[in-house]
Amino acid sequence: MVAQVRKVLKNMALSNQMYQMLRATSRTFTLSIELLPDVVGDAIAVSYLLLRVSDYLEDNEEMEAGRKADLLTLWADLLQAGQAGDVSSLTTQLLELKNPDEEAYVAQQAHEILHQMRTLPEPVQEIIVHYVRETTMGMAKWQNDGPIIGTEDEMDDYMHYVAGVVGYLITEVFAWHSPVIKARKEELMPLSRQYGLALQTVNIIRGMRKDYERGWIFVPKTYYEGAGLSCAQMFEPAYRDRSLVVVNRLADKALTHLDHGIEYIKAFPRHQHRIRLACMWPLLFAAKTLAVSRGNVAVLDNEAKMTREEVKRIMRNTTMMGWSNRWVNRYYQQLSEPVML
């Protein structure tokens, strides 16, 4: 399926190195990004890689929160500085870190990613810099405020910066590309935030255990304390029943965001099938993942996943029928049905 998708794509303006980095860091989002038309795909690819630099700084387990916040702020300043920014002031500090991986490699290539961004039309560059900076500064804020999320409002604030703002970014790029989408921008922007929050809430459910092990709790304190639990008890076998109440409450929240997210996709014109699909795939993957996660103790022990065959089936079905909003509604409801364990 991936090979078939790539065969129909245009010659990309960005270097092969950029797309190789993209494929190395995300299989799922690469499927969507490489489907996008013309400059749009290049713009979203660059945006994704710039955000991966921010993610690397946020998620690095070697650095203390204060240093992370400082480096995130430095990265935001370098984005703003554009041509004048000396990215080596960031990347030389990253050389001190151990355990290099694909994420570290992307961060070390920050200069080249910025160079590639500057090959894009100037209005697109302005969109990318504005929203990547906003996300990055939000991450810095939460490095100082975390690692415990107190309330659902605080969870939404964190998710707004790391995902809702990204929804704004992609919508602005789509509107730059298409006059029809630009005419619908006022309707699309609030839905794009919900789209981002939907994907991020499912990510939080998927990553509950791993986040806890690295010292972060994105589940609101009011959720688990409301179930009579401490954050540690959520992951203890003796408290499984109460912990699953918390998981299912998160799932209910995620489903609310997903419901808005599907409206976001349906608001795109049918003739923009590739843009619709590029947004549809992550959301439907999230809907299926949520269905698998609800009431599933695997979320507490490790994570719950959909199968590769399910991914291929969703891609195949939507490629054929994703132009129809009525069909998309039915298929979304089907995928959202809880899986019997």
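In this report, the structure presented in the accompanying data block is examined.

1. A closer look at the overall build of the protein chain
Across its full length, the protein chain carries 19 helices and 0 strands. For a compact globule of 341 residues, the expected C-alpha radius of gyration is about 20 Å, and the protein chain comes in at 20 Å, within 12% of that figure. Referenced to the eigenvectors of the C-alpha coordinate spread, the extents of the protein chain come out at roughly 55 × 50 × 35 Å. Counting all 341 residues of the protein chain, 55% fall into the buried class. A fraction of 73% describes how many contacts in the protein chain between residues 6 or more apart in sequence connect residues 24 or more apart. Here the protein chain displays about 15100 Å² of accessible surface, and carbon together with sulfur accounts for 49% of that area.

2. Things to note about the side chain of Q194
When you line up the elements, Q194 lands in helix α12 (residues 185-206). Beyond its immediate chain neighbours, meaning those up to four positions away, Q194 contacts H257 and H260.

3. A short note on the nonpolar core
Nonpolar side chains in soluble globular proteins tend to be buried together. By size, the foremost hydrophobic cluster in this structure holds 119 residues, and its most contacted members are L50, W75, F174 and Y264. Top contributing element to this core by residue count: helix α16 (residues 273-293), with 13 residues. Excluding residues that lie within four positions of it along the chain, W75 makes contacts with L50, V53, S54, L57, L90, A110, L114 and T136.

4. Concerning unusual backbone geometry
Even without a glycine there, the phi angle at D38 is positive, about 50 degrees. Within the secondary structure layout, D38 lies in helix α4 (residues 38-59). Of the residues examined, D38 reaches a relative accessible area of 45% and is grouped as partly exposed.

5. Overview of the pattern of salt bridges
Counted by the stated rule, this structure contains 18 salt bridges. Taking the shortest distance from any N to any O, the salt bridge between E152 and K253 comes out at 3.5 Å. With E152 in helix α10 (residues 152-177) and K253 in helix α15 (residues 240-266), this residue pair connects regions lying 101 residues apart in the sequence. Overall, E152 belongs to the partly exposed group, its relative accessible area being 30%. Its relative accessible area of 8% is what places K253 among the buried residues. Among the salt bridges present, the one from E310 reaches K288, with a minimum N-O distance of 3.8 Å.

6. Let's talk about the environment of A278
With respect to the secondary-structure elements, A278 resides in helix α16. Overall, A278 belongs to the buried group, its relative accessible area being 6%. Here the alpha-carbon distance between A278 and P190, two residues 88 residues apart in the chain, equals 19 Å. Once residues within four sequence positions are removed from consideration, A278 is found in contact with S32, L35, L36 and Y195.

7. Here's the deal with the packing of aromatic side chains
Counting across every chain of the model gives 10 aromatic pairs. A ring pair is formed by F174 and F268, whose centres lie 5.6 Å apart and whose planes are at 80 degrees; its orientation type is edge-to-face. Of this pair, F174 sits in helix α10 while F268 sits in the loop between α15 and α16, and the two are 94 residues apart along the sequence. Across the pair, exposure class does not vary: F174 and F268 are buried alike. Aromatic side chains Y264 and F268 sit 4.9 Å apart centroid to centroid with 75 degrees between the ring planes, which places their arrangement in the edge-to-face category. Across this residue pair, the class does not change: Y264 and F268 are buried.

What counts, and at which threshold
- Residues numbered from 1 in each chain as written.
- Predicted model: local features only at pLDDT ≥ 70, side-chain atom pairs only at ≥ 80, totals over all residues.
- Heavy atoms only, no water.
- Helix = DSSP H or I, 4+ residues; strand = E, 2+ residues; numbered from the N terminus.
- Rg over C-alpha atoms; globule rule 2.2 N^0.38 Å.
- Buried < 20%, exposed > 50% of the residue type's maximum accessible area, 1.4 Å probe, protein only.
- Contact = heavy atoms within 4.5 Å.
- Areas by Shrake-Rupley, 256 points an atom, 1.4 Å probe, with all protein chains shown as cover.
- Core = buried A, V, L, I, M, F, W, Y, C linked by side-chain atoms within 4.5 Å.
- Salt bridge = Lys/Arg side-chain N within 4 Å of Asp/Glu carboxyl O.
- Phe/Tyr/Trp six-rings, centres within 6.5 Å; stacked < 30°, edge-to-face > 60°.

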